[in-house]
Amino acid sequence: MASRGASVVLSRANRIKSKLQTALEATVLEVDDVSYQHAGHAAVKGNSDNETHFNVKIVSPKFDGQSLVKRHRMVYDLLADELQSGLHAISIVAKTPQETTGAK
């Protein structure tokens, strides 16, 4: 008996969203693929994966009391397997819900 969804291949963007949402219980999560801005760069030449560069904005209560460096490490740790399999660069904006109150 085949498992449901076994043939579905998620995009890297969807995998990133899923991993971050599940682990960090994000109240805001934006994942933007900006790989097109880096097409032809030496680091991605010859790479058949077109999803290599992302901007991530995440707001999570799990960032409370954490330094900016620790927040970024949390995100990088969650995406370690993506970084090992073709994700080349990620830009991270990581805030607590309190840091976004009244801010645009």
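Cut-offs used in this document
Going along each chain's sequence as written, the residues are numbered from 1 onward. pLDDT decides what is reported in this predicted model: residues at 70 or higher carry local features, side-chain atom pairs at 80 or more are listed and counted, and totals for whole chains, interfaces and linings draw on all residues regardless. Excluded from the side-chain calculations are hydrogens and water; all other atoms, namely the structure's heavy atoms, are used. UniProt positions are given in the numbering used here, feature names are shortened, and annotations may be inferred rather than shown by experiment. Counting from the N terminus, the helices are DSSP H or I runs at least four residues long and the strands are E runs at least two residues long. In this scheme, a residue with accessible area under 20% of its type's maximum is buried, one over 50% is exposed, and one in between is partly exposed, where area comes from a 1.4 Å probe on protein chains only. Throughout this description, a polar contact denotes any pair of N or O atoms lying within 3.5 Å of each other; where both atoms belong to protein, one of them has to be capable of donating a hydrogen while the other can accept it, and for residues adjacent in sequence the pair is counted only when both atoms sit in side chains. For this analysis, residues touch if any pair of their heavy atoms sits within 4.5 Å. The criterion is simple. A nonpolar core is a set of buried Ala, Val, Leu, Ile, Met, Phe, Trp, Tyr and Cys residues joined through side-chain atoms within 4.5 Å. Strands pair, by our definition, only if DSSP identifies at least two bridges between them. Where helices are involved, their axes are fitted lines through C-alpha atoms of the stretch in contact, as for all axes, and angles between N-to-C directions lie from 0 to 180°. What a helix is expected to span follows from its residue count: subtract one and scale by 1.5 Å. The directions from the helix axis to the C-beta atoms form the arc being described.

Per an unreviewed UniProt entry, the chain is named BolA-like protein, and its organism is Arachis hypogaea. Quoted verbatim from the Sequence similarities (unreviewed entry) field of UniProt, the annotation for the chain is "Belongs to the BolA/IbaG family." UniProt lists a comment for the chain under the heading Subcellular location (unreviewed entry), and it reads "Plastid, Chloroplast".

Moving on to the side chain of S60. If you trace the backbone, S60 turns up in the loop between strand 2 (53-59) and helix 2 (68-78). Residue classification places S60 among the buried positions, given a relative accessible area of 0%. A distance of 3.0 Å separates a polar side-chain atom of S60 from the backbone nitrogen of K62. If sequence neighbours within four positions are ignored, S60 has contacts with L24, E25, A26, K95, T96 and P97.

In this structure, I16, L20 and I58 are the most contacted members of the largest nonpolar core, which totals 17 residues. Counting only elements with at least two residues in this core, the list comes to helix 1 (12-24), strand 2, helix 2 and strand 3 (89-95). For this core, the element with the highest residue contribution is helix 1, accounting for 4 residues. Apart from the residues lying within four places of it in its own chain, the contact partners of L20 are E25, L29, V56, I58, V75, L78 and L79.

The 3 strands are arranged 1-2-3 in an open sheet whose pairing can be described as mixed. Whereas interior strands pair on both sides, the edge strands pair on one side only; in this sheet they are strand 1 (28-33) and strand 3. The sheet shows a mean angle of 10 degrees between the axes of neighbouring strands, direction not considered. The strands touched by helix 1 within the sheet are strand 1 and strand 2, with strand 2 carrying the most contacts at an inclination of about 25 degrees.

Okay, helix 1 next. Across its 13 residues, helix 1 extends 18 Å between first and last C-alpha, which sits within 8% of the 18 Å expected from 1.5 Å per residue. The set of residues buried in helix 1 consists of R12, A13, I16, L20 and L24. For helix 1, the buried positions fall inside an angular range of 100 degrees around the axis, keeping them on one side. At its buried positions, helix 1 is contacted by strand 1, strand 2, helix 2 and helix 3 (80-84).

This brings us to the side chain of S35. For S35, the location among the structural elements is in the loop between strand 1 and strand 2. Classification of S35 by relative accessible area gives buried; the value is 7%. Among the polar contacts made by the side chain of S35, one reaches the side chain of D33 at a distance of 2.5 Å. At a separation of 2.8 Å, a polar atom in the side chain of S35 contacts the main-chain amide nitrogen of T52. Beyond its immediate sequence surroundings of up to four residues, S35 is in contact with N50, E51, T52 and H53.

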